Structure formats: C-alpha cells, structure tokens
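Here is how the chains run, residue by residue.
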Amino acid sequence: MSTNTTDNARKVTTRRLVEMKQRGEKISMLTAYDFSSAKILDEAGIDVILVGDSASNVMAGNVTTLPITLDQMIYHAKSVMKATRRALVVTDMPFGSYQGNPMEALASAIRIMKESHSEAVKMEGGSEIRESVERILSAGIPVMGHLGLTPQSINKFGTYNVRAREEAEAKKLLEDAKMLEEVGCFAIVLEKIPAELAAKVASELTIPVIGIGAGGGVDGQVLVMHDMLGINQGFSPRFLRRYADLAGIMTEAVQHYIADVKSSDFPSPEESY
Ligand code: KIV
C-alpha cells in the first residue's frame, strides 16, 4: 500500500513538517505510549508520534487527562523514543507542569527533553500560556500548540462538546493560532472544532495545522491509537474512524488460549523441552 510520502526513509523533523505543508502532503500523526506500539507505528511510516497525556485515560484508566504526572509522561516518552527511528516524537506537557509560571514551565519542558530525549513538546492553550510558550521556545525546545477542545480544561468547559461554534470563541481561536505561529510554534493541533473554522486557520497559517475532529481542510490528522485500532471500545465520537477491532481479536485469541490450557492442548510436545 502506498503511504503517499515522498521520501519514506528520511527522519521527520519540525522543518520537514513545514515543507510537507508547503507541498500539500498531509501529515499523519498517532499517539503511542510504549516501546512495542511505537515500533509498529514508526515502521509503518507514521510521520509524528504523540506521547499524549491521553495515556492518563487509555493506559492508566483515569476519567480525565489531569492526573497524569510529569514523571509518568517522561516514563512513557522514554519508552517511545527507544523504538522510534523515523517519526518526530512530540510529548505532551501534563496538566500542572506549565500553567504556573514560565520558569516552572521551562523546567518541566527541559526535564522532558533531557530525560526522555523527546524532540518537541505540546501545550494546551493560547494567550493564557503565551509567556510560558515563549520561554520554552527561547531554550531551543520546539513547541506544538493545541487549541479548540483542550481536555486539560475539561473542568472549566464542563463538556467534551464541539468548541468555537460561537463567533467570539472562533475569533479568539484564530487570534491564538496566529499568536502561536508568531512566537515560533512549529505546528498546532486543533481539536473538535467546526471544519470550516479549522480550514480557515490552516489557510491563514504557514505552520502545519493537525486536526482531530476538525474536518479535512487541515494539513494533517491525529487520532488516539487505542481508539482507531478498537482497543478502547468505550469511546465513539463522530470524528473517530475505527481501522481495526483489536479488542475483538485479542478477546478471541485469549479465549482460544484459555480453552487450549484447560483442555491440555497447550503446550504440545513440540512446544516443550
Ligand atoms: O493526548 C492526546 O492524545 C492528544 C490528542 C488527542 C491530540 O492531545
């Protein structure tokens, strides 16, 4: 199957993502939190691996992304980095690690880069976190922005509904996106906003805009791997396309194994020493 990339073996860098936008090549991005998954995604040719704070939900079973800690994000990112050769690895800064003040934010970002060897960080928010974004960028750390539905603010929003349907919120989102580009972010994620607004943001920015629930008029797409592979069955928003039913496949395999153990079919003499 063609992966529609011009040079499949070349390492993906922040600069290369901008070049991809310039020539109209869509950017593919998925989450991974462990060595084995990251190896599969990287060898399949994914452009960007996001060590997302969605690990809080799909790995740790928390209801929101808020509980995951900086130490836990670094642990996940380290495992992903050991497996990744080609993809750009971006690690989420977890809730509480950058909202306080710019120096704390810088210290958190430095820990992520130094201890995990990640290649960039992602931060949720616009004008509210501008100074922290600038401080991190001034240390030479690439930053990916994240606007629209920002799950770390779920307690403020109160729902996971589509954001920026109202004119005032849409206007602020566009201004925030332009500000993030101006201060030096290399890309922005737009989550769960109207497709028309996302396409407008993508057309007015020179940096890549990666969407999740933001329609097809942006420069790339990101999904949570556990959702798109059907490992996590409890989440079915309209924007999610399921590419496999791994929960079904795993259940069947485990039931087959249980039956083989119970019937003494496994192990066979050939599987014994
Ligand atoms: O944590 C995450 O997985 C994310 C994506 C939903 C963009 O931030």
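Definitions and cut-offs
- Residues numbered from 1 in each chain as written.
- Predicted model: local features only at pLDDT ≥ 70, side-chain atom pairs only at ≥ 80, totals over all residues.
- Heavy atoms only, no water.
- Near = heavy atom within 4 Å.
- Polar contact = N/O pair within 3.5 Å; in protein donor to acceptor, adjacent residues only side chain to side chain.
- Areas by Shrake-Rupley, 256 points an atom, 1.4 Å probe, with all protein chains shown as cover.
- Core = buried A, V, L, I, M, F, W, Y, C linked by side-chain atoms within 4.5 Å.
- Buried < 20%, exposed > 50% of the residue type's maximum accessible area, 1.4 Å probe, protein only.
- Helix = DSSP H or I, 4+ residues; strand = E, 2+ residues; numbered from the N terminus.
- Contact = heavy atoms within 4.5 Å.
- Pairing = 2+ DSSP bridges.

**Details of the site of the ligand**
With respect to spatial proximity, the complete set of residues near the ligand consists of Thr 31, Leu 50, Gly 52, Asp 53, Ser 54, Asp 92, Lys 122, His 146, Glu 191, Ile 212 and Val 224. Residue Ser 54 places a side-chain N or O atom 2.5 Å away from an oxygen atom belonging to the ligand. At a separation of 2.8 Å, an oxygen atom of the ligand approaches a polar side-chain atom of Lys 122. Burial of the ligand by the protein chains amounts to 95% of its free accessible area of 260 Å².

**Looking at the nonpolar core**
Leu 17, Met 29, Ile 49, Val 90 and Phe 186 are the most contacted members of the largest nonpolar core, which has 39 residues in total. The leading source of residues in this core is helix α4 (residues 70-83), at five residues. Aside from chain neighbours lying at most four places away, what touches Val 90 is Val 48, Ile 49, Leu 50, Val 51, Ala 120, Val 121, Lys 122, Met 144 and Phe 186.

**What to know about the pairing of strand β4 (residues 120-124)**
Burial runs high along β4: five of the five residues are buried. Here β4 shows a buried face lined by Ala 120, Lys 122 and Glu 124 and a second buried face lined by Val 121 and Met 123. Sheet topology note: the β4/strand β5 (residues 143-148) ladder contains four bridges and is parallel. In the sheet register, Lys 122 faces β5, and the bridge partner there is Met 144.

**Quick notes on the pairing of strand β6 (residues 187-191)**
Summarising burial for β6: five of the five residues are buried, a large majority. Neither face of β6 is exposed, since Ala 187, Val 189 and Glu 191 on one face and Ile 188 and Leu 190 on the opposite face are all buried. One ladder, built from four bridges, connects β6 with strand β7 (residues 209-212); its direction is parallel. Bridge assignment links Val 189 to a residue of β7, and that residue is Ile 210.

**A word on the environment of Gly 184**
Of note, Gly 184 is situated in the loop between α8 (167-183) and β6. Its relative accessible area of 38% is what places Gly 184 among the partly exposed residues. A sequence separation of 46 residues divides Gly 184 from Ser 138, and the C-alpha atoms of the two residues are 9.4 Å apart.

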